[in-house]
Amino acid sequence: MERAAPLAVPLGQTEVFQALQRLHMTIFSQSVSPCGKFLAAGNNYGQIAIFSLSAALSSEAKEESKKPVVTFQAHDGPVYSMVSTDRHLLSAGDGEVKAWLWAEILKKGCKELWRRQPPYRTSLEVPEINALLLVPKENSLILAGGDCQLHTMDLETGTFTRALRGHTDYIHCLALRERSPEVLSGGEDGAVRLWDLRTVREVQTIEVYKHEECSRPHNGRWIGCLATDSDWMVCGGGPALTLWHLRSSTPTTIFPMRAPQKHVTFYQDLVLTVAGSSCRVDVFTNLGYRAFSLSF
Amino acid sequence: MSSESSKKRKPKVIRSDGAPAEGKRNRSDTEQEGKYYSEEAEVDLRDPGRDYELYKYTCQELQRLMAEIQDLKSRGGKDMAIEIEERRIQSCVHFMTLKKLNRLAHIRLKKGRDQTHEAKQKVDAYHLQLQNLLYEVMHLQKEITKCLEFKSKHEEIDLVSLEEFYKEAPPDISKAEVTMGDPHQQTLARLDWELEQRKRLAEKYRECLSNKEKILKEIEVKKEYLSSLQPRLNSIMQASLPVQEYLFMPFDQAHKQYETARHLPPPLYVLFVQATAYGQACDKTLSVAIEGSVDEAKALFKPPEDSQDDESDSDAEEEQTTKRRRPTLGVQLDDKRKEMLKRHPLSVMLDLKCKDDSVLHLTFYYLMNLNIMTVKAKVTTATELITPISAGDLLSPDSVLSCLYPGDHGKKTPNPANQYQFDKVGILTLRDYVLDLGHPYLWVQKLGGLHFPKEQPQHTVIADHSLSASHMETTMKLLKTRVQSRLALHKQFASLEHGIVPVTSDCQYLFPAKVVSRLVKWVTIAHEDYMDLHFTKDIVEAGLAGDTNLYYMALVERGTAKLQAAVVLNPGYSSIPPIFQLCLNWKGEKTNSNDDNIRAMESEVNVCYKELCGPRPSHQLLTNQLQRLCVLLDVYLETESHDDSVEGPKEFPQEKMCLRLFRGPSRMKPFKYNHPQGFFSHR
């Protein structure tokens, strides 16, 4: 079957290298700016790109609108998670968290406002930070990742207040339970643990893989994503995506999806999940179809 | 009667005094005037009016007398005779009076006439004088006008300006005191000075002429001397040939080359000059030679009359042949094509020697009608090469120089004007003739100084030395790198086909000591086959898989796991890295679209290639990438988490030292090898 080959532009060394980089790029994290006009995306090379959502969604959007407004090297390693406060963009990757001012971020040569590294036990390898969670009530940030602990950092002083230990393998994801200030964490060890922030103790443990209905041994036991709605929790990863009732720690609904999920969130009675790895950010204006993609 | 009276006068003079002598007539006349009865004098005294009255009275008397006579005669009688006689005598007297009067009248008339005549003569004389004077006046006026109009020749001469004159002229000519006041003197002085100057210059001119003559003679002498020198020099040169050879300074050869070079067409000449210059100045391993027939080149420039004669002859011949045998349209077209693609009989050969004694032979041709240059390449090595099957295309003359500069594939003519010429003879593209004619790469045109700007197609493109010079060094270096990298690949392929990844000792540090996965197959695949593979779609869509690349398939195995790697080798290897796409067959088929770790493995060889380049000139890139691939497969298989539901031990026990097996939200395996500690970690 004849397939039209794309036009071969004379590619020099730099163009080939950039093309290869883009092919092997994974976007790990995104965050929308407080004003809602910009989207920050972090990739596996440690770069953060700022896209102008208002330009891309406007009616006169051209191809250039789907390209970043500014790209800068934020971290040495991959940027695994990002979160936005009302003035700052917090990004975390290889072992440290950096803060950037949203107001300054569009200028070239933007420098981080501050950077903090939680106290790690081992020095052989710097553990990564996989998840960031903002706790607005006490104005603190929870970091969790490769060293199997949850660290809380006060955003005003920058000191690390608590370290919650309990996971036996590294932590993938965090979720905040609003009503009682509890934090849920899911990890590689296959367990979802609930922590009370006031008593600094583990309150509940759910070992998802031990439940036969949802476990998928061939995928492993790791929990990749978590979302909670105070009474309910959705988690997935190695085991199937399941809806749990937290008080009774029982799985109620198992969603029939084959592939492991990377992200999940509750949205107005709907559950949205996403999985994929490329250099593109897909934008859905309507939950039925993909409108367009922003590209690094 | 006047003549009579004048005669009568004379006799009167004679009667009064005898016959005067002729000579004394004048004197006698005046003497006799006092003595004779002068009627002229009497005329002046008598009054013409009274004479007229007398005349009338006499006539009346005569008439009366006649009448009386008549009466008397008619009466008759004797006494009448006396009265008649009386009357007759009276009438005779009257007749005499009448005669006198007649004479007087005649004399008066004559006098009158004489006077008139005199007066008239006077008047005539005055008139004549007047005319003379008028004539003279006119003449003088003309002369005056002429004089006034007269332009002296001296005004036509451009004299030097006044200031200059006073500055330059010596004082005895310029006489400033005199000339300042008097313009006439001034002009004279200036003319003097002019004359002076001209004399001097004329002198100088003569001197110079004589000098010139002398010098010409000298030149003649020297020319003769030189021409006598030429045969002597020739003999010296002949004698020195063995010395040149002994000292390795082939001047004679170079001289002959320059002679032949004069017949080269301009682009080849530019190339020849620039390449020789570069070779002498920067690069001793470059040698330049000219091949081909000089006579044919000279024959190209035959005078037009000959060719016209030929044409008319050939026309006549053609007509005959059309009658005998019509050549087909195809044959005619073919001939036209051949004519269009004709090469100049001379070509320039460049030999580039590389460090390992392999030589790249480049032959440059010039297509006259198309005004482009082409090149044919050949690589010869010091030792005979056994070509492994997969290395067939590496050193083939068709593709060894492809894409020396990015995108320069040499299959299309670089001269936009050629398209119109091709349309006339039905050539679609130069690609079909490239094997025969050589490749028209863009760098070849640049070396010949030919520049074809895309925006303005020009009719005549002239060969430019500066363009050639600016590209010479880079191109020569690229050519050498290309040959060496291809030869290195050639050797490596021989080894790869036997399943051995040849890693040099200075690159061993990149890999752990023990590598279990093995390369079992290394073959070439066609471009279309590469495009049809299901796991190469990303590369194809990114435009990285053009038809100028070379494609290979490698197979790495360990136990039951089989890893297929499709390799894109860009002609610009090794500055442009080979691109790998992987497909793992082990417990299902895993490619980069369904397994992030496969994607990570591809990233390790494709994106992180700079670590694998090895020492310059980075010929080890491909082999290092293949070795790394084997290491990655090892890590992948050994770190695969054990599925608890399946019975039996792990197929691949973990032997690699890893700090952590999984990291990050994508749960990557530790693919990065750390030297010299020897453990694997994550990037």
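Just above, that's the structure.
The structure reproduced in this document is the subject of the present report. What you see is a predicted model, and the numbers here were worked out from it, not measured in a lab.

## A closer look at the overall build of chain A
- Helix and strand counts for chain A stand at 2 helices and 24 strands.
- Counting every position in chain A, which comprises 296 residues, the buried fraction comes to 51%.
- For chain A, the share of sequence-separated contacts (at least 6 apart) that also reach a separation of at least 24 residues comes to 44%.

## Quick look at the overall build of chain B
- Looking only at helices and strands, chain B features 22 helices and 11 strands.
- Out of the 683 residues belonging to chain B, those deemed buried represent 39%.
- Sequence separation of at least 24 residues holds for 65% of the intrachain contacts in chain B that already meet a minimum separation of 6.

## Description of the packing of helix 10 (residues 251-261) of chain B against helix 11 (residues 266-281) of chain B
Residue and element names in this part refer to chain B.
- Running from N to C, helix 10 and helix 11 point in directions that differ by 155°, and their axes come no closer than 11 Å. The orientation of helix 10 relative to helix 11 falls into the category roughly antiparallel. Seen from helix 10, the contacting residues are Gln257, Tyr258 and Ala261; seen from helix 11, they are Tyr269, Phe272, Thr276 and Gln280.
- Of the residues assigned to the contact of helix 10 with helix 11, the class counts are 4 nonpolar, 3 polar and no charged.

## Observations concerning the environment of Ile579(B)
- Assignment of secondary structure puts Ile579(B) in strand 8 (residues 579-585).
- Look at Ile579(B) and you get buried, because its relative accessible area is 4%.
- Sequence separation between Ile579(B) and Leu569(B) is 10 residues, and the spatial gap between their C-alpha atoms is 6.9 Å.
- Filtering out sequence-adjacent residues up to four positions away, Ile579(B) remains in contact with Val16(A), Leu20(A), Ile539(B), Leu544(B), Ala566(B), Val567(B), Val568(B) and Asn606(B).

## Side note on empty space enclosed by the protein
Residues and elements named next belong to chain B.
- The final tally for this structure, using the stated rule, is 3 cavities of 30 Å³ or more.
- With 3 residues, the single largest contributor to the lining of the largest cavity is helix 22 (residues 621-638).
- Looking at the lining of the largest cavity residue by residue, the classes come out as 8 nonpolar, no polar and 3 charged.

## Considering the nonpolar core
- Membership of the largest hydrophobic core comes to 99 residues, with the highest contact counts inside it found for Phe364(B), Trp443(B) and Phe493(B).
- For Phe493(B), the residues in contact, after removing those within four places along its chain, are Pro388(B), Ser390(B), Ala391(B), Leu394(B), Trp522(B), Tyr552(B), Leu569(B) and Leu622(B).
- In this structure, Ile27(A), Ala56(A), Leu294(A) and Ile525(B) belong to the second largest nonpolar core, which totals 34 residues.

## Structural notes on the sheet that holds strand 5 (residues 518-525) of chain B
Residue and element names in this part refer to chain B.
- The 5 strands lie next to each other as 5-6-7-8-9, forming an open sheet whose pairing is antiparallel. Looking at strand neighbours, the two that pair on one side only are strand 5 and strand 9 (589-591), the edges of this open sheet. The average undirected angle you get between the axes of adjacent strands in this sheet is 20°.
- Alignment of strand 8 against strand 9, held across 3 bridges, turns out to be antiparallel. Pairing of leucine 584 across the sheet is with lysine 590, part of strand 9.

## Here's the deal with the side chain of Ser140(A)
- Relative to the helices and strands, Ser140(A) resides in strand 10 (residues 140-145).
- At 2.9 Å, the side chain of Ser140(A) forms a polar contact with the side chain of Glu138(A).

## Describing the sheet that holds strand 7 (residues 97-101) of chain A
All names here are of chain A.
- Strand order across the open sheet formed by 4 strands is 5-6-7-8, with antiparallel pairing between neighbours. For this open sheet the edge positions go to strand 5 (81-84) and strand 8 (114-116), each flanked by a neighbour on one side alone. Neighbour-to-neighbour, the strand axes of the sheet open up by a mean angle of 20°, direction not taken into account.
- Here strand 7 pairs with strand 8 via 3 bridges, running antiparallel. Across the sheet, the residue bridging to lysine 98 is arginine 115, located in strand 8.

## Describing the side chain of Gln620(B)
- Secondary-structure assignment places Gln620(B) in the loop between helix 21 (596-606) and helix 22.
- Discounting residues that sit within four places of it in the chain, Gln620(B) has contacts with Gln492(B), Pro502(B), Thr504(B), Cys507(B), Tyr573(B), Leu612(B) and Cys613(B).

## Observations regarding the interface of chain B and chain A
- In this assembly, 37 residues from chain B lie in contact with 40 residues from chain A.
- When chain B packs against chain A, close to 3,300 Å² is buried across both sides, 58% of that on carbon and sulfur atoms.
- For Glu188(A), the salt bridge goes to Arg667(B), with nearest N and O atoms at 2.8 Å.
- For the interface between chain B and chain A, the tally reads 12 residue pairs in polar contact (both at pLDDT 80 or more).
- For the side of chain B that touches chain A, the elements supplying multiple residues, two or more each, are helix 19 (527-532), helix 20 (537-541) and helix 21 of chain B.
- By residue number, the principal contributor to the side of chain B that touches chain A is helix 21 of chain B, which donates 5 residues.

## Examining a negative patch on the surface
Residues and elements named next belong to chain B.
- A cluster of acidic residues, Glu528, Asp529, Asp532 and Asp547, forms a negative patch on the protein surface.
- Positionally, glutamate 528 belongs in helix 19.
- Of the residues examined, glutamate 528 reaches a relative accessible area of 53% and is grouped as exposed.

## Things to note about a nonpolar patch on the surface
All names here are of chain B.
- On the surface, a cluster of nonpolar side chains totalling about 330 Å² of accessible area is made up of Leu140, Ile144 and Leu148.
- By secondary structure assignment, the location of isoleucine 144 is in helix 5 (residues 79-149).
- Isoleucine 144 sits in the partly exposed class, given a relative accessible area of 49%.

## Some remarks on the environment of Leu141(A)
- Its location among the elements puts Leu141(A) in strand 10.
- Along the chain, Leu141(A) and Met153(A) lie 12 residues apart, while their C-alpha atoms are 5.1 Å from each other.

## Comments concerning the packing of aromatic side chains
All names here are of chain B.
- All told, the structure shown has 12 aromatic pairs over all chains when counted by the stated rule.
- Between the aromatic rings of tyrosine 258 and phenylalanine 272, the centroid separation amounts to 6.0 Å while the plane-to-plane angle is 80°, which identifies the pairing as edge-to-face. With tyrosine 258 in helix 10 and phenylalanine 272 in helix 11, this pair connects stretches of sequence that are 14 residues apart.
- For tyrosine 258, a relative accessible area of 41% translates into the label partly exposed.
- Relative accessible area serves as the criterion here: at 0%, phenylalanine 272 is assigned to the buried category.
- Among the aromatic residues, those joined into a ring-pair cluster are Phe364, Tyr441 and Trp443.
- A cation over a ring is seen here: arginine 667 above phenylalanine 662, with NZ or CZ 4.6 Å from the ring centre.

## As for the environment of His218(A)
- Within the secondary structure, His218(A) sits in the loop between strand 16 (201-207) and strand 17 (223-228).
- For the pair formed by His218(A) and Gly238(A), sequence separation is 20 residues and the distance between their alpha carbons is 8.0 Å.

## Things to note about unusual backbone geometry
- Here the phi dihedral of Val200(A) falls at roughly 55°; this positive angle occurs in a residue that is not glycine.
- Note on placement: Val200(A) falls in the loop between strand 15 (191-196) and strand 16.
- For Val200(A), a relative accessible area of 34% gives the class partly exposed.
- We note that Asn371(B) has phi near 55°; this positive angle belongs to a residue other than glycine.
- In this fold, Asn371(B) is placed in the loop between strand 3 (359-367) and strand 4 (372-380).
- Overall, the relative accessible area of 13% leaves Asn371(B) in the buried class.

## Regarding helix 15 (residues 418-425) of chain B
Residues and elements named next belong to chain B.
- The complete set of buried residues in helix 15 reads Asn418, Phe422 and Val425. Viewed end-on, helix 15 has its buried residues packed into an arc of 70°, placing them on one side of the element. Exposed residues on helix 15 whose side chains face more than 90 degrees from its buried face are Tyr420, Asp423 and Lys424.
- Against helix 14 (329-340) and strand 4 lie the buried residues of helix 15.

## Some remarks on the pattern of salt bridges
- As enumerated under the stated definition, the model contains 30 salt bridges over all chains in all.
- Note that Asp189(A) and Arg193(A) form a salt bridge whose closest N and O atoms lie 3.0 Å from each other.
- By relative accessible area, Arg193(A) is classed as buried at 10%.
- Through salt bridges with shared partners, one network takes in Asp94(A), Glu128(A), Arg660(B) and Arg663(B).

The rules behind the values
- Residues numbered from 1 in each chain as written.
- Chains lettered and ligands numbered in written order.
- Predicted model: local features only at pLDDT ≥ 70, side-chain atom pairs only at ≥ 80, totals over all residues.
- Heavy atoms only, no water.
- Helix = DSSP H or I, 4+ residues; strand = E, 2+ residues; numbered from the N terminus.
- Buried < 20%, exposed > 50% of the residue type's maximum accessible area, 1.4 Å probe, protein only.
- Contact = heavy atoms within 4.5 Å.
- Axes fitted to C-alpha atoms, helices over the stretch in contact; angles between N-to-C directions.
- Parallel < 35°, antiparallel > 145°, perpendicular 65-115°, else oblique.
- Nonpolar A, V, L, I, M, F, W, Y, C, P; charged D, E, K, R; others polar.
- 1 Å grid on protein atoms, 1.4 Å probe; cavity = no way out; pocket = protein on both sides within 12 Å on 5 of 7 lines; lining within 4 Å.
- Points joined across faces, edges and corners; volume = space filled by probe spheres on them.
- Core = buried A, V, L, I, M, F, W, Y, C linked by side-chain atoms within 4.5 Å.
- Pairing = 2+ DSSP bridges.
- Polar contact = N/O pair within 3.5 Å; in protein donor to acceptor, adjacent residues only side chain to side chain.
- Buried area = accessible area lost by both parts, 1.4 Å probe.
- Salt bridge = Lys/Arg side-chain N within 4 Å of Asp/Glu carboxyl O.
- Patch = residues over 30% accessible without salt bridge, like charges linked within 9 Å, V, L, I, M, F, W, Y side chains within 5 Å.
- Areas by Shrake-Rupley, 256 points an atom, 1.4 Å probe, with all protein chains shown as cover.
- Lys, Arg positive; Asp, Glu negative; His and termini not counted.
- Charge placed at Lys NZ, Arg CZ, Asp CG, Glu CD.
- Phe/Tyr/Trp six-rings, centres within 6.5 Å; stacked < 30°, edge-to-face > 60°.
- Lys NZ or Arg CZ within 6 Å of the ring centre and 35° of its normal.
- Arc of directions from axis to C-beta.

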